[in-house]
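Tertiary structure, described
So you can see what is in the structure, the chains are spelled out below.
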Amino acid sequence: MIIGVPKEIKNHEYRVGMTPASVRELTALGHSVIVEHNAGSGIGFGDDAYQAVGATVLATATEVFAQADMIVKVKEPQAVERAMLREGQILFTYLHLAPDLPQTEDLIKSKAICIAYETVTDNRGGLPLLAPMSEVAGRMSIQAGARALEKSCAGRGMLLGGVPGVEPAKVVIIGGGMVGTNAAQMAVGMGADVVVLDRSVDVLRRIDAQFNGAVKTVYSTVDALEKHVLSADLVIGGVLIPGAAAPKLVTADHIKRMKPGSAIVDVAIDQGGCVETSKATTHAEPTYIVDDVVHYCVANMPGAVPLTSTFALNNATLPFIIRLANKGYKQALLDDAHLLNGLNVINGHVVNQHVADALNLPFVEPKQALAAL
Ligand SMILES: NC(=O)C1=CN([C@@H]2O[C@H](COP(=O)(O)OP(=O)(O)OC[C@H]3O[C@@H](n4cnc5c(N)ncnc54)[C@H](O)[C@@H]3O)[C@@H](O)[C@H]2O)C=CC1
Ligand SMILES: CC(=O)C(=O)O
Ligand SMILES: [Mg+2]
């Protein structure tokens, strides 16, 4: 198979779909890998590093998209990339389709085989290809939130951990999954007063045991959420219903009633955000203010630490890339129900129920769509 790795083009996105080490695994198996010029240069992988492991470097994304059987990326394809996809081509990357009708419509039109990292599942009920970036974003959310609380960012001017004799900030984390747990770890480490809300008692049990009482756990009801959000200095949004648009748990009315200078980091923004006043921002301009509350809503947070993130992502995606390359998409998807859960759009059909529901589009069973090919 010919595997293509274009350079990421989203704002300040320096991650790359495959490291030279990942490419080497594929070329050792007899596959061809084509990499766009400078695809890894943002994290120190020059074209020569890719050539040294058997890849061919091509000057433009157009050539990579035209020649590859499978495109391996990081972020959802931007409009110019979507226009280069073709029927039968495999696209393996983050998609986050539920809040994104224009992208979904373009992927339908392309008739490509579009497998989303974020809906691939595992035996333990986890999301193995989302998890590494949620670890990064969860940890980063506390750095971003700490910065947002500084006066120069229009924050309250409060240090997360306080100092002896002065109380720490109250950090309220909504969702105790990968993002939430990693955020809690950093916030506790910095000495903040940390509360995690989740609607799964098992999740709260795990957090209670893991942090040995250093984190307060709260069952997430409308009432509990309001109480804790209104008294928070920093709110982290880390909820997820896999594949679906995020529920708007923090309302515009809550924002009006929050403390002036408090901050929200809505990590769930890639699924539309769990705060009514959230809108996606970029690393170039990460924050904005609504009713005196600082909002940080960067949809590609791990892009800020692309060296760490690219390795973490490749560790998780590589086994799936190898299976898709060795078996072809049809056999690889039929052999693995978890990879099949990653399939969102194929040959013009939406095959993820949550995406179809969120966008009011017709849903086709994935196996039925595959059988037709
Ligand atoms: N902005 C960015 O750069 C990044 C964003 N993300 C996003 O962060 C979000 C969270 O991801 P993960 O932590 O990996 O998901 P996860 O599945 O590990 O955790 C989500 C948690 O939310 C909880 N939850 C669902 N509905 C809830 C509700 N109504 N109230 C309270 N808790 C609720 C679930 O029980 C679960 O424990 C996702 O939208 C993901 O795409 C992840 C990585 C990077
Ligand atoms: C998961 C995601 O949206 C990211 O890593 O950018
Ligand atoms: Mg206010």
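One numbering rule holds for all chains: residues counted from 1, following each sequence as written. Chains and ligands are labelled sequentially in the order written, the chains with letters from A and the ligands with numbers from 1. Two thresholds apply to this predicted model, a pLDDT of at least 70 for residue-level local features and 80 or more for giving and counting side-chain atom pairs, whereas whole-chain, interface and lining totals are computed over all residues.

**A closer look at the overall build of the protein chain**
As a reminder of what qualifies: The numbering of helices and of strands both runs from the N terminus, where a helix is a DSSP run of H or I of at least 4 residues and a strand a run of E of at least 2. Put simply, the radius of gyration uses C-alpha atoms, and a globule should come to 2.2 Å times the residue count raised to 0.38. Exposed residues have 12 or fewer other C-beta atoms within 10 Å of their own C-beta, buried residues have 20 or more, and residues in between are partly exposed; the C-beta atoms are placed from the backbone.
Scanning the protein chain from terminus to terminus reveals 14 helices and 15 strands. For 373 residues, the compact-globule estimate of 2.2 N^0.38 gives 21 Å, and the protein chain sits close to it at 21 Å. In terms of principal-axis extent, the alpha carbons of the protein chain reach across some 65 × 45 × 35 Å. Burial status across the protein chain gives 52% buried among its 373 residues.

**Focus on unusual backbone geometry**
Excluding glycine, residues mostly have negative phi values, and the peptide bonds linking residues are mostly trans. The backbone of His12 sits at a positive phi, close to 50°, despite the residue not being glycine. A count of 15 C-beta atoms within 10 Å places His12 in the partly exposed class.

**Some thoughts on the pairing of strand β14 (residues 343-346)**
Put simply, the rule is: Should DSSP find at least two bridges between two strands, the strands are regarded as paired.
Relative to β14, strand β6 (residues 113-116) runs antiparallel, the two being bridged by three bridges. If you follow Cys114 over to β14, its bridge partner there is Val345. Hairpin connection, β14 to strand β15 (residues 349-350): the antiparallel pair is bridged by two residues, and Asn347 has positive phi, about 50°.

**Details of helix α11 (residues 306-335)**
Worth spelling out the cut-off: To estimate the expected span of a helix, subtract one from its residue number and multiply by 1.5 Å. Bend is the name given here to the angle between axes fitted to two runs of seven residues, the run ending at a residue and the run starting at it.
For α11, with 30 residues, the first-to-last C-alpha span of 32 Å runs short of the 44 Å given by 1.5 Å per residue. Along α11, the sharpest change in direction is near 120° and occurs at Gly328.

**As for the sheet that holds β6**
Pairing between the strands of a sheet is mediated by backbone hydrogen bonds and can be parallel or antiparallel. Our working definition: By definition, residue pairs are in contact when their C-beta atoms, positioned from the backbone, come within 7 Å. Axis lines are fitted through C-alpha atoms, for helices just across the contact stretch, and the angle between N-to-C directions can take any value from 0 to 180 degrees.
An order of β3-β2-β1-β4-β5-β6-β14-β15 is seen for the eight strands of this open sheet, with the pairing classed as mixed. If you trace the sheet from one side to the other, it starts and ends with β3 (56-58) and β15, each paired once. Strands β6, β14 and β15 of the sheet are contacted by helix α5 (residues 101-110), whose axis makes an angle of about 55° with β14.

**Examining the packing of helix α6 (residues 131-148) against α11**
Defined as follows: Just so you know how the angles are binned, under 35 degrees is roughly parallel, over 145 roughly antiparallel, 65 to 115 roughly perpendicular, and the rest oblique. Residues are grouped as follows: Ala, Val, Leu, Ile, Met, Phe, Trp, Tyr, Cys and Pro are nonpolar; Asp, Glu, Lys and Arg are charged; all remaining types, including Gly, are polar.
Contact pair α6 / α11: the axes reach a minimum separation of 8 Å and the direction vectors enclose 155°. The orientation of α6 relative to α11 falls into the category roughly antiparallel. Residues Ala131, Pro132, Met133, Glu135 and Val136 of α6 touch α11, and the partners they reach there are Thr308, Ser309, Ala312, Leu313, Asn315 and Ala316. Here the residues of the contact of α6 with α11 are counted per class, giving seven nonpolar, three polar and one charged.

**Looking at the site of ligand 1**
Let me state the cut-off plainly: Each residue gets a C-beta atom placed from its backbone. If that atom is within 6 Å of a molecule or strand, the residue is near it.
Near ligand 1 you find 35 residues, and of these Ser134, Gly175, Gly177, Val179 and Met301 are the closest. Those elements that provide at least two residues to the shell around ligand 1 are α6, α7 (178-189) and β8 (193-198). Per-class residue counts for the shell around ligand 1 are 21 nonpolar, ten polar and four charged.

**A short note on the nonpolar core**
What counts, and what does not: Any nonpolar core is a set of buried residues, restricted to Ala, Val, Leu, Ile, Met, Phe, Trp, Tyr and Cys, that join up through C-beta atoms within 7 Å. Where each domain starts and ends comes from a domain assignment, either automatic or drawn from a database.
The biggest cluster of nonpolar side chains holds 118 residues, and the ones touching the most others in it are Cys114, Ile173 and Ile174. Looking at which domains feed residues into this core, each of domain 1 (2-119 + 306-371) and domain 2 (131-304) gives three or more. With near-sequence residues (within four places) excluded, Ile173 lies in contact with Gly180, Ala183, Ala184, Val194, Val195, Val196, Ile236 and Gly238.

**Some thoughts on the domain arrangement of the protein chain**
Partitioning the protein chain into structural domains gives domain 1 (2-119 + 306-371) and domain 2 (131-304). Put simply, the middle of domain 1 and the middle of domain 2, counted by C-alpha atoms, are 30 Å apart. Residue-level contacts link 22 residues of domain 1 with 18 residues of domain 2. Broken down by secondary-structure element, the contributors of at least two residues to the side of domain 1 that touches domain 2 are α11 and α13 (353-359). Counting residues per element, the side of domain 1 that touches domain 2 draws most heavily on α11, at seven residues.

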